[in-house]
Amino acid sequence: MFTDEYFMKMAFQEAEIAFEKDEVPIGCVVVSNNRVIARAHNLTETLNDVTAHAEMQAITSAANFLGGKYLINCTLYVTMEPCVMCSGALSWSQISKVVIGARDEQRGFINKHLSLHPKTEIVTGIMENECSSIVKEFFQSKR
C-alpha cells in the first residue's frame, strides 16, 4: 500500500516542472485505486489562462480518464492549498479526498471558511516544508 507521502512526492515533481517553466510551482496528482490517473502543474503563463491551475488541469485529465465528471473514490494530492476557484471545482467533482502539502494563508480556501463536498476528507501538512519552500524560492527569485 502506498502512503500519502509517496503520492505527494509525485505532486512535488510536478511542482518542480512548473518551476522550471517559470510557472508558480504547484503540482498535483489524482489517484484512483492506488494508481495515478492524472498529473498536472500550473500552466497559467504557458497557456495565458488564469484558470489553468494545477488542480483544474488535473480534474479535467482525471475526468477524461474515468469517462465521467465525478471523481468519487479518487484522491487529489496537491503541493499547495487550493484557491477558491479550485476548491469550487473540486467540490463539484465530488472528489473523495484532498491531501494538501502546504497551507496558503492568503489565497487558500480554508481560511475563507469554504469547504469541499461534504463527504470529502481533507488532510494537510504532508511534505509541508518542501511544498512551502519551493513556492517561497520561486517568488524570492522574482524580486
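Residues numbered from 1 in each chain as written. Predicted model: local features only at pLDDT ≥ 70, side-chain atom pairs only at ≥ 80, totals over all residues. Heavy atoms only, no water.

### Some thoughts on the UniProt feature "binding site: Zn(2+)" (unreviewed entry) in the protein
Consideration 1: As annotated by UniProt and renumbered to match this structure, "binding site: Zn(2+)" (unreviewed entry) occupies His53, Cys83 and Cys86. Across 34 residues, the annotated set stays spatially compact, with a maximum C-alpha separation of 9.2 Å. Lining the largest pocket, from the residues just named, are His53 and Cys83.
Consideration 2: Its relative accessible area of 21% is what places His53 among the partly exposed residues. (UniProt positions renumbered as here; feature names shortened; annotations may be inferred. 1 Å grid on protein atoms, 1.4 Å probe; cavity = no way out; pocket = protein on both sides within 12 Å on 5 of 7 lines; lining within 4 Å. Buried < 20%, exposed > 50% of the residue type's maximum accessible area, 1.4 Å probe, protein only.)

### Side note on helix 1 (residues 4-20)
Consideration 1: With 17 residues, helix 1 extends 25 Å between its outermost C-alpha atoms, agreeing within 8% with the 24 Å of an ideal straight helix rising 1.5 Å per residue.
Consideration 2: Within the sequence span of helix 1, burial applies to Asp4, Phe7, Met8, Met10, Ala11, Phe12, Glu14, Ala15 and Ala18.
Consideration 3: Packed against the buried residues of helix 1 are strand 1 (27-32), strand 2 (35-41), strand 3 (74-80), strand 4 (97-102), strand 5 (121-124) and helix 5 (128-142).
Consideration 4: Phi for Asp22, located one or two positions after helix 1, is positive at around 65°. (Helix = DSSP H or I, 4+ residues; strand = E, 2+ residues; numbered from the N terminus. Expected span 1.5 Å × (residues − 1). Contact = heavy atoms within 4.5 Å.)

### Re the sheet that holds strand 5
Consideration 1: Read across the sheet, five strands follow the order 2-1-3-4-5 without closing on themselves; strand pairing throughout is mixed. Looking along the sheet, the strands with just one partner apiece sit at the ends: strand 2 and strand 5. Along the sheet, successive strands turn relative to each other by an average axial angle of 15°, direction set aside.
Consideration 2: Sheet topology places strand 3 next to strand 4; five bridges connect them, and they run parallel. Looking across to strand 4, one finds that Thr75 is bridged to Lys97.
Consideration 3: Across the sheet, helix 3 (residues 54-66) lies against strand 1, strand 2 and strand 3, angled at about 145° from strand 2, the strand it touches most.
Consideration 4: The sheet contacts of helix 5 involve strand 3 and strand 4, and relative to strand 4 the element is tilted by about 65°. (Pairing = 2+ DSSP bridges. Axes fitted to C-alpha atoms, helices over the stretch in contact; angles between N-to-C directions.)

### A closer look at the nonpolar core
Consideration 1: Residues Met8, Val30, Leu76, Tyr77 and Val98 are the most contacted members of the largest nonpolar core, which totals 39 residues.
Consideration 2: Those elements that place two or more of their residues in this core are helix 1, strand 1, strand 2, helix 3, strand 3, helix 4 (84-93), strand 4 and helix 5.
Consideration 3: If one sorts the elements of this core by residue count, helix 1 sits on top with six residues.
Consideration 4: Those residues in contact with Leu76 that sit more than four places away from it in its chain are Cys28, Val29, Val30, Glu55, Ala58, Leu90, Ile95, Lys97, Val98 and Val99. (Core = buried A, V, L, I, M, F, W, Y, C linked by side-chain atoms within 4.5 Å.)

### What about the pattern of salt bridges?
Consideration 1: In total, this model carries five salt bridges according to the counting rule given.
Consideration 2: The partner of Lys97 in a salt bridge is Asp4, and the shortest N-O contact between them spans 3.6 Å. With Lys97 in strand 4 and Asp4 in helix 1, this pair connects stretches of sequence that are 93 residues apart. Each member of the pair, Lys97 as well as Asp4, is classed as buried.
Consideration 3: Across the salt bridge formed by Glu5 and Lys9, the nearest N and O atoms sit 3.8 Å from each other. A residue pair is termed a helical-turn pair when its members lie 3 or 4 positions apart in one helix, as Glu5 and Lys9 do in helix 1 at four residues.
Consideration 4: Residue class for Glu5 comes out partly exposed when judged on its relative accessible area of 41%.
Consideration 5: When its relative accessible area of 44% is taken as the criterion, Lys9 is described as partly exposed. (Salt bridge = Lys/Arg side-chain N within 4 Å of Asp/Glu carboxyl O.)

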